[in-house]
Amino acid sequence: MGRVIPEEIRARVQELREQIHYHNYRYYVLDEPVISDAEYDRLFRELEELEAAWPELVTPDSPTQRVGAQPLEKFETVPHRQPMLSLENAFSEGEAREFDARLKRFLRTQEEFDYVVEPKMDGCAVELVYERGVFTVGSTRGDGYRGENVTQNLKTIRTIPLRLLETEEPAPELLEVRGEVYMNLEEFRKLNEQRLAKGEPPFANPRNAAAGSLRQLDPAVTASRPLYIYCYGIGEVVGRRFETHWEVLQTLKRWGLRVNPLTERCRGIEAAIAYHHRLEHQRHGLPYETDGVVIKVDSLALQERLGTKTRSPRWALAYKFAATQATTRVLAIEVNVGRTGAVTPMAIMEPVEVGGVTVSRATLHNEDEVKRKDVRVGDWVLVQRAGDVIPEVVMVIKERRTGQEVPFQMPSHCPVCGTPLVRPPGEAVTRCPNPDCRGALRRAILHFASKTAMDIDGLGEKIIDQLMENGLVRSIPDLYRLTEADLIPLERFAEKSAANLVSAIQKSKAVPLPRFIYALGIRYVGEATAQLLAQHFESLERLAQASEEELLQIEGIGPQVARSIREFFRQEKNQRLLKELAALGVRPLPPEKPAAAPGLAGKTFVFTGALQRFSREEAKALVTARGGKVSSSVSAKTDYVVAGADPGSKLAKAKELGVTVLDEAAFLEFLERSG
Ligand code: IVH
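*Asks:* I keep staring at the overall build of the protein and nothing clicks. Help me out?
*Replies:* Along the backbone of the protein there are 25 helices and 23 strands. For 675 residues, the compact-globule formula gives about 26 Å, and the C-alpha radius of gyration of the protein, at 28 Å, lands near that figure. Here the C-alpha coordinates of the protein stretch approximately 85 × 65 × 55 Å along the principal axes. Buried positions account for 47% of the 675 residues belonging to the protein. Excluding contacts between residues fewer than 6 apart, the proportion of contacts in the protein whose partners are at least 24 apart in sequence is 67%. Summed over all atoms, the accessible surface of the protein reaches about 33,000 Å², with 50% contributed by carbon and sulfur. Side-chain charges in the protein split into 91 positive and 96 negative, and the spacing between the mean points of these groups amounts to 2 Å.

Structure follows, in structure tokens:
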């Protein structure tokens, strides 16, 4: 006999679930939370506790059910009620116009079509089935007719609602939603870095990473991967009729499903082509990978009349961007010594154009990667560029081998200083252990002097080589010992240029603390992390003494980063470096106190949309460190709204109330002005 569950418990559980679903939607889909994280955690914990006490009340759509399912032996397959088709491709304006002309001929019309244009997401296609508003089954595309049942994995993705939002419109009896699960580029890079560090093969691209993460038998693995979804269409629907594709997308949004905000409706093919050009320029700034534009006839009645061919609908077209992959030949495999002493094999290739840029070098990551991909000198390879990262070799085209190719052998000695290289057991990276290795030093100086670090104007690769070759610079502090008289005798230098370089070096002595921390080249400490550290510790001395535990207290600093920082300051040669720099008068400027930041102190900021340079948390920290306040909603008391990409309704509200709106560049400038 089941026990009797008190009515108030039942009601409270129900209420908590509704609230949590709603706040998930505000947070993950709209990016506009209306309660604090702590309040949210309290609701969630209360629900978890009630469900633990009354397990009979647990339902599959409860927000607590996102993680925790048992690993599967293998995936079941599920049929798609309507086939998941693929798209016909076009690669030029001409082909896009031909598509439009074909539709007009087919329908015997001269009239322009309304098209919906959307970024073509490069991820993994999925179908989500909602029965009376509850997410029941999710599957991959498979062969288009049957896919793999990946419901448990999809449930771990926060942007997939477990229950549709019914505040504006009741959910239909059945709704099949189609969309693309993808990974952001930044997070994809981090994931690969971690995999390489663990000696695991990296994913070739964000698409493989998304697909691989989704097809994990253990949902806990999927849950640990940063996946998102954009919904772009429907399959079978019972209980709701639509007239246009645009209406479909707007309705999906109202039900709490995530639709790409860059989606537009336009009239005629020329407008669609113009959208393609705009997106092609914009795409390198987007946080995810998109490989083209999908052009769809808006009217569902016309879609029906046009019908489908065997594998793709007649009413849609994927108009692709210039390829970011190309094939070329490997001329040599060189090894580079990085600033941490890591020795990285690089493929030197016949120059080839990839996505509008000429490429002649590509990283091969490490020894195991070269072995795994079996890249040999003389091989034809496929290279790719994703976003702005260093190009990489995707695979060898083995069919084109002649037998003359030469396998790669990791050198036993450092190509720069001749020291025997080491590769600790269990590690993927080979290193030059010589702390005075010139290869590492050269890189370290290059990084130290770079624009976003100490910003030493005129200290580029060639000059660094020259200074090192002439024995003038054997360490970073040596830079500050350079005089005009040292430089004038060198080639490429005259009085004026020597004076300029010395003055640029001297000027860098008073650099803001975050830039100095970044300039040190501590592993895993990029610009944003350096910013966080500077804010927290306010001086180099305090940072140098921080324990791992203390570092871990800072939001945004994980164990790997904390360990690496600790290790850096523990090493004697780094301690020596800092001492010498201080003795030479290099004194990073402490972050200004809030009182000294008149522009920000006491002002209230609201953020909306995604920022490129910082996470929300970092941006908030920057404001509060300067004495400003951050609020989650716009009101008459708001001083500034900072609008990133795809801002939400807060932007409209700000405009309505006449609140000053800053874009990311203006916000950065504002921060800089206020210290
Ligand atoms: S519509 C019948 N819209 O592209 C139309 N597809 O080559 C079906 N894709 O398997 C697709 N972004 O995974 C559509 N905005 C978008 C898309 C998109 C990415 C993928 C989808 C599909 C493949 C077709």
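*Asks:* What am I meant to see in the sheet that holds strand β3 (residues 114-121) here?
*Replies:* Strand order in the open sheet formed by 5 strands is β2-β11-β10-β3-β9, with mixed pairing between adjacent strands. Each edge of the open sheet is held by one strand with a lone partner, namely β2 (89-90) and β9 (264-267). With 7 bridges connecting them, β3 and strand β10 (residues 290-297) associate as antiparallel partners. Bridged to Y115 within β10 is V297. Lying on the sheet, helix α3 (residues 93-107) is in contact with β2, β3, β10 and β11 (316-320); it crosses β11 at an angle near 170°. Contacting β3, β9, β10 and β11, helix α9 (residues 269-282) crosses the sheet at an angle of about 160° to β10.

*Asks:* Whenever I open this one, the nonpolar core confuses me. Can you help?
*Replies:* One broad rule of soluble globular proteins: the nonpolar side chains tend to lie buried together. Ranked by internal contacts, the top residues of the largest apolar core, which has 54 residues, are I456, L459 and L533. When residues no more than four places from it in sequence are discounted, the contact partners of L533 are I517, V525, E538, L543, L551, I554, I557 and I565. Core analysis: the next-biggest nonpolar cluster, separate from the first, contains 35 residues, L128, V177, A209 and W255 among them.

*Asks:* Got a minute to help me understand the sheet that holds strand β8 (residues 227-238) in this structure?
*Replies:* Working definition: the strands of a sheet are paired by backbone hydrogen bonds and lie parallel or antiparallel to each other. The strand order β5-β4-β7-β8 describes an open sheet built from 4 strands, whose pairing is antiparallel. Every other strand in the sheet has two partners, leaving β5 (134-140) and β8 as the edge strands with one partner each. Neighbour-to-neighbour, the strand axes of this sheet turn through a mean angle of 25°, independent of strand direction. Both strand β4 (residues 124-131) and β5 contribute to a ladder of 6 bridges, which runs antiparallel. Within β5, the position partnered with E131 by the bridge is V134.

*Asks:* Is there a simple way to think about the site of the ligand in this case?
*Replies:* Around the ligand, the structure places 14 residues, and the nearest of them are E118, M121, E180, Y232 and K296. Contacts to the ligand include P119, whose backbone N or O atom sits 3.3 Å from a nitrogen atom. Interatomic distance of 3.3 Å between a side-chain N/O atom of Y232 and an oxygen atom of the ligand. When the free accessible area of the ligand is taken as 520 Å², the share hidden by the protein chains comes to 87%.

*Asks:* Looking at this structure, how should I read the side chain of R431?
*Replies:* Locating R431 in the fold gives a position in strand β19 (residues 430-431). Despite its burial, R431 remains without a salt bridge, the nearest opposite charge being carried by E427 at 4.4 Å. Reaching out from R431, the side chain makes a polar contact with the backbone oxygen of T340 at a distance of 3.4 Å.

*Asks:* What is the right way to read the packing of helix α21 (residues 559-570) against helix α22 (residues 572-583) from this model?
*Replies:* The packing of two helices is summarised by the inter-axis angle and the distance between the axes. Across the interface, α21 lies against α22 with an axial gap of 5 Å and an inter-helix angle of 70°. Compared by their axis directions, α21 and α22 come out roughly perpendicular. On α22, the residues that touch F568, F569 and R570 of α21 are E572, N574, Q575 and L578. Residues that form the contact of α21 with α22 fall into these classes: 3 nonpolar, 2 polar and 2 charged.

*Asks:* How should the packing of aromatic side chains be read in this particular structure?
*Replies:* Geometrically, a pair of aromatic rings is defined through the distance of the ring centres and the angle of the planes. Applying the stated criterion across every chain, the model contains 16 aromatic pairs. Judged by centre distance (6.3 Å) and plane angle (35°), the rings of F99 and Y115 are tilted. On the criterion of sequence distance, the pair formed by F99 in helix α3 and Y115 in strand β3 is long-range, its members being 16 residues apart. Both residues of the pair, F99 and Y115, count as buried. Through pairs of rings, three or more aromatic residues link up here, namely F605, F607, Y640, F667 and F670. Lying across the ring of F203, R195 places its NZ or CZ 4.3 Å from the centre. We note R400 situated over the ring of W380; from NZ or CZ to the ring centre the distance is 3.8 Å.

*Asks:* Any chance you could explain the pairing of strand β23 (residues 660-663) here in plain terms?
*Replies:* Note that strand β22 (residues 640-643) and β23 share 4 bridges and pair parallel. Note that in β23 the partner of V641 across the bridge is V661. The handedness of the β22 to β23 crossover, carried by helix α24 (residues 649-657), is right-handed.

Conventions used here
All chains use their own residue numbering, which begins from 1 and follows the written sequence. Selection of residues for local features in this predicted model requires a pLDDT of at least 70, selection of side-chain atom pairs for listing and counting requires 80 or more, and totals for whole chains, interfaces and linings are taken over all residues. Derived side-chain values reflect all non-hydrogen atoms in the structure, with water molecules and hydrogen atoms excluded from consideration. A run of H or I in DSSP becomes a helix once it reaches four residues, and a run of E becomes a strand once it reaches two; helices and strands are each numbered from the N terminus. Put simply, the radius of gyration uses C-alpha atoms, and a globule should come to 2.2 Å times the residue count raised to 0.38. Whether a residue is buried, partly exposed or exposed follows from its accessible area with a 1.4 Å probe, protein chains only, as a fraction of its type maximum: under 20%, in between, or over 50%, in that order. What makes two residues a contact is simply this: any of their non-hydrogen atoms within 4.5 Å. Per-residue and other accessible areas follow the Shrake-Rupley method at a 1.4 Å probe size, with only the shown protein chains counted as cover for residues. In this tally Asp and Glu are treated as negative and Lys and Arg as positive; neither His nor the chain ends contributes. To locate a charge, take NZ of a lysine, CZ of an arginine, CG of an aspartate or CD of a glutamate. DSSP calls a pair of strands paired once it identifies at least 2 bridges connecting them. In this description, a line fitted to the C-alpha atoms serves as the axis of each element, helices being fitted only across the stretch in contact, and the angle between N-to-C directions of two axes falls anywhere from 0 to 180 degrees. The criterion is simple. A nonpolar core is a set of buried Ala, Val, Leu, Ile, Met, Phe, Trp, Tyr and Cys residues joined through side-chain atoms within 4.5 Å. Being near a molecule or strand, for a residue, means having at least one of its heavy atoms within 4 Å of it. Polar contact is the term for a pair of N or O atoms within 3.5 Å; when the atoms are in protein, one must be able to donate a hydrogen and the other to accept it, and sequence-neighboring residues count only if both atoms are side-chain atoms. The salt bridge definition used is simple: a Lys or Arg side-chain nitrogen within 4 Å of an Asp or Glu carboxyl oxygen. For this classification, under 35 degrees means roughly parallel, over 145 means roughly antiparallel, 65 to 115 means roughly perpendicular, and everything else is oblique. Only Asp, Glu, Lys and Arg are considered charged, only Ala, Val, Leu, Ile, Met, Phe, Trp, Tyr, Cys and Pro nonpolar, and every remaining residue, Gly among them, polar. What counts as a ring pair is set by centres within 6.5 Å for rings of Phe, Tyr and Trp (its six-membered ring), and what kind of pair is set by the plane angle: stacked under 30 degrees, edge-to-face over 60, tilted for all other angles. Criterion for a charge above a ring: Arg CZ or Lys NZ at most 6 Å from the ring centre, at most 35 degrees from the ring normal. Crossovers are marked right-handed if the path from the first strand over the helix to the second runs clockwise, as seen with the strands pointing away from the viewer.

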